[in-house]
Amino acid sequence: MAARQTPAAARPRGWFISVEGIDGAGKSSHIEAIAQALQAQGQRVCLTREPGGTPLGEQLRHLLLHQDMDAWAETLLAFAARRQHLREVIVPALAEGVCVVCDRYTDATYAYQGSGHGVPWQAIAQLERWVQSGWLAVGAGAATAAGDRPEGALLEPDCTLWFDVPPEVAAQRLQQARTPDRFEGQARAFFERVAQGYARRATQAPARIVRIDAHAPLPQVQERVLAALAQQGILRA
Ligand SMILES: Nc1ncnc2c1ncn2[C@@H]1O[C@H](COP(=O)(O)OP(=O)(O)O)[C@@H](O)[C@H]1O
Ligand SMILES: Cc1cn([C@H]2C[C@H](O)[C@@H](COP(=O)(O)OP(=O)(O)O)O2)c(=O)[nH]c1=O
């Protein structure tokens, strides 16, 4: 007998979690632990990243990280990758009840291209509206992805963990860790602006963006991350 499946419309939507912070803040060091904590509570998890997450997105990521370009071109490529990511990965996963844990999302565009490189936040907000809304109307698989959201609402993470460390600490960590890409090779002043961009985003969306003080030893930061997810009602305490 064929397995009976709960109709998609009756399935709860998966959690959408993003992690953010300046390069070297330590976010990648915690992504696996976040996925494991969700899995330990019986959740299915899709671990993904931006730019990237799809074959097209990974090609665009390579360009963004290694090809010199204008800041507006960066912004447009970031959103092109995001659009494809939403269509191929994020929306179908959420609609299936799978939790999406995404290494960076749109807050990074506000912080890097906006605050870091001077692209007006207003322009980014417009692109965000074009790219991230209307998913209720796009394709059967996406029909329930916005489940509890009003039609036309932005498809945003339910929770964003913002790893906050002083730029000089992040720079020290990176110096010891790896060869810098285009963004990681930027001057300290750039990361000061990016960090300010994240702080401003957190002020604008205090219910969604949770600040993690990441200037502490790894195990302590991990405890803070899991505690924050419990506080947000995503992990059971
Ligand atoms: N809390 C921490 N204390 C000390 N070093 C850390 C901490 N978190 C991460 N690191 C180290 O810093 C470097 C950058 O961390 P990573 O997780 O790749 O940062 P990001 O993904 O934010 O760029 C790595 O070498 C990592 O081992
Ligand atoms: C998503 C996104 C990332 N970025 C940048 C930030 C990072 O420097 C870079 C890649 O992010 P990241 O995944 O943190 O790189 P790594 O795995 O090397 O730590 O892309 C933007 O500038 N704009 C964006 O919209």
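The rules behind each value
- Note that residues are indexed from 1 along each chain, following the sequence as it is written.
- Starting at A for chains and at 1 for ligands, labels are handed out in the order in which the entities are written.
- For a predicted model such as this one, the threshold for reporting local features is a pLDDT of at least 70, and the threshold for listing and counting side-chain atom pairs is 80 or more; totals across whole chains, interfaces and linings nevertheless cover every residue.
- For side-chain calculations, the full set of non-hydrogen atoms in the structure is used, while hydrogens and water are omitted.
- UniProt positions are given in the numbering used here, feature names are shortened, and annotations may be inferred rather than shown by experiment.
- Counting from the N terminus, the helices are the DSSP runs of H or I reaching at least four residues and the strands are the DSSP runs of E reaching at least two.
- Throughout, exposure labels follow a simple rule: accessible area from a 1.4 Å probe, protein chains only, divided by the maximum for the residue type, with under 20% read as buried, over 50% as exposed, and the rest as partly exposed.
- Only the protein chains shown count as covering a residue, and every accessible area follows the Shrake-Rupley method with a 1.4 Å probe.
- When at least one non-hydrogen atom of a residue lies within 4 Å of a molecule or strand, that residue is treated as near it.
- Here a polar contact is recorded for every N or O atom pair within 3.5 Å, except that within protein the pair must consist of a potential hydrogen donor and a potential acceptor, and residues adjacent in sequence are included only if both atoms are side-chain atoms.
- Three classes are used, and their members are as follows: Ala, Val, Leu, Ile, Met, Phe, Trp, Tyr, Cys and Pro are nonpolar, Asp, Glu, Lys and Arg are charged, and the others, Gly among them, are polar.
- Ring geometry is summarised as follows: Phe, Tyr and Trp rings, the Trp one being its six-membered ring, pair when their centres sit within 6.5 Å, and such pairs are stacked at plane angles under 30 degrees, edge-to-face over 60 and tilted between the two.
- The criterion is that NZ of a Lys, or CZ of an Arg, lies within 6 Å of the ring centre and within 35 degrees of the ring normal, and then a charge sits over that ring.
- Within this document, salt bridges are pairs made up of a side-chain nitrogen of Lys or Arg and a carboxyl oxygen of Asp or Glu, the two lying within 4 Å of each other.
- Two strands are counted as paired when DSSP detects at least two bridges linking them.
- Angles run from 0 to 180 degrees between N-to-C directions of axes, and those axes are lines fitted to C-alpha atoms, restricted for helices to the stretch in contact.
- A contact between two residues is defined here by any heavy atoms of the two lying within 4.5 Å.

- As recorded in an unreviewed UniProt entry, the protein goes by the name Thymidylate kinase, listed as coming from Allofranklinella schreckenbergeri.
- Taken directly from UniProt, the Sequence similarities (unreviewed entry) text for the protein runs: "Belongs to the thymidylate kinase family."
- Per UniProt, the protein carries the Catalytic activity (unreviewed entry) text "dTMP + ATP = dTDP + ADP".

1. Some details on the overall build of the protein
Thought 1: Within the protein one finds eight helices and five strands.
Thought 2: The N-to-C order of helical and strand elements in the protein reads β-α-β-α-α-β-α-α-β-α-α-β-α.
Thought 3: Split into buried and exposed, the 237 residues of the protein put 52% on the buried side.
Thought 4: For the protein, the exposed surface amounts to about 11,500 Å²; the carbon and sulfur share of it is 52%.

2. Side note on the site of ligand 1
Thought 1: Around ligand 1, 15 residues are found, and the nearest of them are G24, G26, S28, S29 and A216.
Thought 2: R173 places a side-chain nitrogen or oxygen 3.4 Å from a nitrogen atom of ligand 1.
Thought 3: In isolation ligand 1 has 560 Å² of accessible area, and contact with the protein removes 76% of it.
Thought 4: Those elements that provide at least two residues to the shell around ligand 1 are α1 (28-40), α6 (167-177) and α8 (218-231).
Thought 5: Per-class residue counts for the shell around ligand 1 are seven nonpolar, four polar and four charged.

3. Some details on the packing of aromatic side chains
A ring pair, where both rings are aromatic, is described by two values, the distance of the centres and the angle of the planes.
Thought 1: Evaluated as defined, the whole model comprises five aromatic pairs.
Thought 2: Ring geometry for Y110 versus W121: centroids 5.0 Å apart, planes at 65°, classification edge-to-face. You can see Y110 sitting in helix α4 (residues 106-116) and its partner W121 sitting in helix α5 (residues 121-132), a full 11 residues away along the chain.
Thought 3: Seen in terms of ring centroids, F190 and F191 are 5.3 Å apart; in terms of plane orientation they differ by 80°. Their pairing is edge-to-face. Here the two residues F190 and F191 agree in accessibility, since each one is buried.
Thought 4: Of the aromatic side chains, those joined through ring pairs into one cluster are Y112, F190, F191 and Y198.
Thought 5: Directly above the aromatic system of F79 lies the positively charged group of R82, at a separation of 4.8 Å from the ring centroid.
Thought 6: Against the face of Y110 rests R201, its NZ or CZ located 3.7 Å from the ring centre.

4. Thoughts on the UniProt feature "domain: Thymidylate kinase-like" (unreviewed entry) in the protein
Thought 1: Under the present numbering, the feature "domain: Thymidylate kinase-like" (unreviewed entry) in UniProt falls on residues 19-129 and 154-224.
Thought 2: Structurally, residues 19-129 comprises 63% helix and 12% strand, and the distance from its first C-alpha atom to its last is 21 Å.
Thought 3: For the annotated span residues 154-224, helix accounts for 49% and strand for 15% of the residues, and the straight-line distance between the end C-alpha atoms is 28 Å.

5. Quick word on the site of ligand 2
Thought 1: Surrounding ligand 2, one finds 17 residues, the nearest of these being D23, K27, R104, T109 and Q113.
Thought 2: Note that an oxygen atom of ligand 2 is positioned 3.2 Å from one of the side-chain N or O atoms of R61.
Thought 3: In this structure, an oxygen atom belonging to ligand 2 sits 2.6 Å away from a side-chain N or O atom of T109.
Thought 4: Coverage of ligand 2 by the protein amounts to 93% of the 560 Å² it exposes when considered alone.
Thought 5: Elements represented by at least two residues in the shell around ligand 2 include exactly α2 (55-66), α3 (71-95) and α4.
Thought 6: Examining the composition of the shell around ligand 2, we find that four residues originate from one element, α4, more than from any other.

6. Comments concerning the pattern of salt bridges
Thought 1: Scanning all chains against the criterion turns up 13 salt bridges.
Thought 2: Note that D68 and R182 form a salt bridge whose closest N and O atoms lie 3.5 Å from each other. Of the two residues, D68 is situated in the loop between α2 and α3 and R182 in the loop between α6 and α7 (188-204); the sequence distance between them amounts to 114 residues.
Thought 3: The exposed category is assigned to D68, whose relative accessible area is 65%.
Thought 4: A single salt-bridge network, built from bridges that share partners, covers D107, E128, E156, R201 and R208.

7. Focus: the sheet that holds strand β1 (residues 16-21)
Thought 1: Across the sheet, which stays open at both edges, the five strands sit in the order β2-β3-β1-β4-β5 with parallel pairing between neighbours. Looking at strand neighbours, the two that pair on one side only are β2 (45-49) and β5 (209-213), the edges of this open sheet. The mean angle between the axes of side-by-side strands here comes to 20°, regardless of whether they run parallel or antiparallel.
Thought 2: Inspection of the sheet shows β2 paired to strand β3 (residues 99-103) by five bridges, in the parallel sense. By the bridge assignment for β3, T48 is matched with C102.
Thought 3: Of the strands in this sheet, β1, β4 (159-164) and β5 are in contact with α4, which crosses β1 at around 20°.

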